[in-house]
Amino acid sequence: MVTREERVEQLKVRPKKGAFKLLWAAAAGLGLGWWIYINASLPMLAMLSFCMMTAVPLSHVSWQKTRVSVTFNENRSYQRLIRAKGIIAIAMLWGVLGLMFGHVSGFFALSVFSGLSAMLIAGMLVVETWLDYRLLRIDDEHVVDSLFGLTKREQMKRKWDEK
């Protein structure tokens, strides 16, 4: 079994080819955006460029984190819950971007967009908290996102104190 500190270190390691994929997604977003700019309106161009430049790389990073987290425990329930947590995070990202696209395209008003976004984000937070609770019951060494962020901040503080 892997300790919590080792898990945090493994989650912080990013694959070297990730930067290339990020640049590729940005170039694809700009190319697609330019094509749409010629054939569509400026708000559509902005939304599609924003989507390609943010959602695709963030989805990839989230899925990479999920794939690394699955290796921490062989328990099938643990792996299933980790995968569900990763899929929910990606779905929430694309859901909010879809709501933004719906608002920009004039499908619904700002108040509807705000309400639906708040409901989506609140629901996602409740579900993720429940999933973390279940994961901690299965594996005491599970790394929750708040602990991961806290660990990164503490390491940055130590690094600054050394300088």
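Residues numbered from 1 in each chain as written. Predicted model: local features only at pLDDT ≥ 70, side-chain atom pairs only at ≥ 80, totals over all residues. Heavy atoms only, no water.

## What about the overall build of the protein?
Here comes step 1: Helix and strand counts for the protein come out as six helices and zero strands.
Here comes step 2: Along the protein, from the amino end to the carboxyl end, the secondary structure elements read α-α-α-α-α-α.
Here comes step 3: Per-residue burial over the protein gives 29% buried out of 163 residues.
Here comes step 4: Of the contacts formed within the protein by residues at least 6 apart in sequence, a portion of 71% connects residues at least 24 apart. (Helix = DSSP H or I, 4+ residues; strand = E, 2+ residues; numbered from the N terminus. Buried < 20%, exposed > 50% of the residue type's maximum accessible area, 1.4 Å probe, protein only. Contact = heavy atoms within 4.5 Å.)

## A look at the pattern of salt bridges
Here comes step 1: This model, assessed by the stated rule, comprises one salt bridge.
Here comes step 2: With a shortest N-O distance of 2.5 Å, Asp-132 and Lys-85 are connected by a salt bridge. Residue Asp-132 is located in helix H5 (residues 110-138), and its partner Lys-85 is located in helix H4 (residues 76-104); the two are separated by 47 residues in the primary sequence.
Here comes step 3: With a relative accessible area of 11%, Asp-132 lands in the buried category. (Salt bridge = Lys/Arg side-chain N within 4 Å of Asp/Glu carboxyl O.)

## A closer look at the side chain of Asn-73
Here comes step 1: Tracing the chain through its elements places Asn-73 in the loop between helix H3 (42-70) and H4.
Here comes step 2: Accessibility expressed as a relative area gives 9% for Asn-73, which makes it buried.
Here comes step 3: Within polar-contact distance, the side chain of Asn-73 engages the backbone nitrogen of Asn-75 at 2.9 Å. (Polar contact = N/O pair within 3.5 Å; in protein donor to acceptor, adjacent residues only side chain to side chain.)

## Re the confidence of the model for the protein
Low pLDDT marks stretches whose predicted atomic positions should not be read closely.
Here comes step 1: Scored by pLDDT, the protein has a mean of 80; 84% of the residues are at 70 or more.
Here comes step 2: Within the protein, no element has a lower average pLDDT than helix H2 (residues 18-39), which sits at 70, and none a higher one than H5, at 91. (pLDDT = per-residue confidence, 0-100.)

## What to know about the nonpolar core
Here comes step 1: The biggest cluster of nonpolar side chains holds ten residues, and these are Val-8, Leu-11, Val-70, Phe-72, Tyr-78, Leu-81, Ile-82, Leu-131, Leu-135 and Val-143.
Here comes step 2: When contributions to this core are tallied by element, the ones reaching two or more residues are helix H1 (4-12), H4 and H5.
Here comes step 3: Among the elements that make up this core, the one with the highest residue count is H4 (three residues).
Here comes step 4: Beyond its immediate sequence surroundings of up to four residues, Ile-82 is in contact with Thr-66, Ser-69, Val-70, Leu-135 and His-142. (Core = buried A, V, L, I, M, F, W, Y, C linked by side-chain atoms within 4.5 Å.)

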